[in-house]
Amino acid sequence: MFLLAGGLSIIAAAGCTGDPSRVESDGSPEDSIIDASVIVGEDLGIRIKRDPGAWPVQLRPARAIVLPDGVLRSDVGANLGIDDRPGMTRHLYRTQLVELWKEIDVLGFGSPSAGNYAGNLELLEPGDDEVIQILQLQRGGRDWTIVRRFEIPKNASPEDASTFDVEDPQMRTAMRRMAALAWAWDVPPDDSIRFPERYDFGPDPWSRYRDEKTPAQTSAQTIKDPS
């Protein structure tokens, strides 16, 4: 009985000292996630929608998530919620992912001690002219959330640089970095251009039965009557 108890205590101790997060060959944990969101108040949203190009990208409603495998999901729009999962935008190289985390560390956001919000993010509601920037991070088995909120006065002009002095410079840099990775810039895309809608039906299930050197249509035309 005593031997069994001693063995169990040793196993328990060994389990407690283990690293809760597996580490990649480059030294970074494989559970790392960077989740950036911008939500704005209704009145400010109307002003931004009226002339989005006049407002810097880090103030426009958006959401971007970088997952552990480098997949970046992103979307823009005032209807985005903090719990929405955007579609895939691109896949970052491992070196890009490592570099992004280095930048997060330099900004002072790479440690759980930087977190300043522990509540329910879905309960965050911006005032009419308020911007809320949210950065959720996960690394090494820990997760933390950083929230910055500030107000843009109704009479403030986006063409006046001093309008944005209320921003936290570090959070501004982080948000702009995430936006750039998601191919979002201060000059928004021309919404008047209508791109064709293409659907992805997955891989061709018949490809293995086709001659790689001859298109399917050509092969069908060259079939001759054996008689």
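Each remark here, short or long, concerns the structure printed above.
Residues numbered from 1 in each chain as written. Predicted model: local features only at pLDDT ≥ 70, side-chain atom pairs only at ≥ 80, totals over all residues. Heavy atoms only, no water.

*Asks:* Can you walk me through unusual backbone geometry in this structure?
*Replies:* Most peptide bonds adopt trans geometry, and most residues besides glycine take a negative phi value. The phi dihedral of W183 falls on the positive side, at around 60°, and the residue is not glycine. Counting through the fold element by element, W183 comes out in the loop between α4 (169-181) and α5 (216-221). (Helix = DSSP H or I, 4+ residues; strand = E, 2+ residues; numbered from the N terminus.)

*Asks:* Help me out: how do you make sense of the pairing of strand β6 (residues 142-151) in this one?
*Replies:* Along any regular strand the residues' side chains alternate between the sheet's two faces. Two strands pair when backbone bridges link them, and strand β5 (residues 130-139) and β6 are joined in this way by 10 bridges, in the antiparallel orientation. Bridge pairing in β6 links Q138 to D143. Connecting β5 to the next strand, β6, in antiparallel fashion are two residues, including G140 with a positive phi near 60°. (Pairing = 2+ DSSP bridges.)

*Asks:* Any chance you could explain the pattern of salt bridges here in plain terms?
*Replies:* Two side chains of opposite charge can pair, provided their charged atoms sit close to one another. Applying the stated criterion across every chain, the model contains 10 salt bridges. We note a salt bridge from E130 to R149, for which the minimum N-O separation is 2.8 Å. Separated by 19 residues along the polypeptide, E130 in strand β5 and R149 in strand β6 bring together distant segments of the chain. R149 gets classed as partly exposed once you look at its relative accessible area, which sits at 41%. Residues D186 and R176 are paired through a salt bridge, measuring 2.9 Å at the closest nitrogen-oxygen approach. Residue D186 is located in the loop between α4 and α5, and its partner R176 is located in helix α4; the two are separated by 10 residues in the primary sequence. The partly exposed category is assigned to D186, whose relative accessible area is 28%. Taking relative accessible area as the criterion, R176 reaches 32% and is therefore assigned partly exposed. Each of D43, R47, D129 and K154 takes part in a single network of salt bridges with overlapping partners. (Salt bridge = Lys/Arg side-chain N within 4 Å of Asp/Glu carboxyl O. Buried < 20%, exposed > 50% of the residue type's maximum accessible area, 1.4 Å probe, protein only.)

*Asks:* For this particular structure, what's the right way to read the packing of aromatic side chains?
*Replies:* Ring pairs (aromatic) are described by centroid distance and by the angle formed between their planes. Scanning the model with the defined rule gives one aromatic pair in all. Summarising the aromatic geometry, the rings of W55 and F164 are spaced 6.2 Å apart at their centres and angled 70° between planes, so their arrangement reads as edge-to-face. With a gap of 109 residues between them, W55 in the loop between α2 (42-50) and β2 (62-66) and F164 in the loop between β6 and α4 connect regions that are remote in the sequence. (Phe/Tyr/Trp six-rings, centres within 6.5 Å; stacked < 30°, edge-to-face > 60°.)

*Asks:* What's the story with α4 in this structure? I'm lost.
*Replies:* Owing to its 3.6 residues per turn, the α-helix aligns residues three or four sequence positions apart on the same side. Its 13 residues give α4 an end-to-end C-alpha distance of 19 Å, which sits within 8% of 18 Å, the value for a rise of 1.5 Å per residue. The complete set of buried residues in α4 reads M171, A174, M175, M178, A179 and L181. End-on view of α4: buried residues confined to an arc of 165°, all on one side of the axis. One or two positions beyond α4, positive phi appears at W183, with a value near 60°. (Expected span 1.5 Å × (residues − 1). Arc of directions from axis to C-beta.)

*Asks:* Even after reading the chapter, I still don't get the sheet that holds β2, so can you show me in this structure?
*Replies:* Backbone hydrogen bonds hold the strands of a sheet together, and the pairing may be parallel or antiparallel. Taken in spatial order, the six strands line up as β4-β3-β2-β1-β5-β6 in an open sheet, and their pairing is antiparallel. Two strands bound the open sheet, and with one partner strand each, they are β4 (88-91) and β6. In this sheet, adjacent strand axes meet at a mean angle of 15° when their direction is disregarded. Across the sheet, α2 is in contact with β1 (33-40) and β5; its angle to β1 comes to roughly 95°. Across the sheet, helix α3 (residues 94-106) is in contact with β1, β2, β4 and β5; its angle to β5 comes to roughly 120°. (Axes fitted to C-alpha atoms, helices over the stretch in contact; angles between N-to-C directions. Contact = heavy atoms within 4.5 Å.)

*Asks:* Explain the environment of R148 to me, please; I cannot follow it from the model alone.
*Replies:* Its location among the elements puts R148 in strand β6. Here the alpha-carbon distance between R148 and E167, two residues 19 residues apart in the chain, equals 8.1 Å. With residues near it in sequence (within four places) discarded, R148 still touches F109, N116, V131, I132, Q133, D168 and M171. Within the structure, R148 has its side chain in polar contact with the side chain of D168 (distance 2.9 Å). (Polar contact = N/O pair within 3.5 Å; in protein donor to acceptor, adjacent residues only side chain to side chain.)

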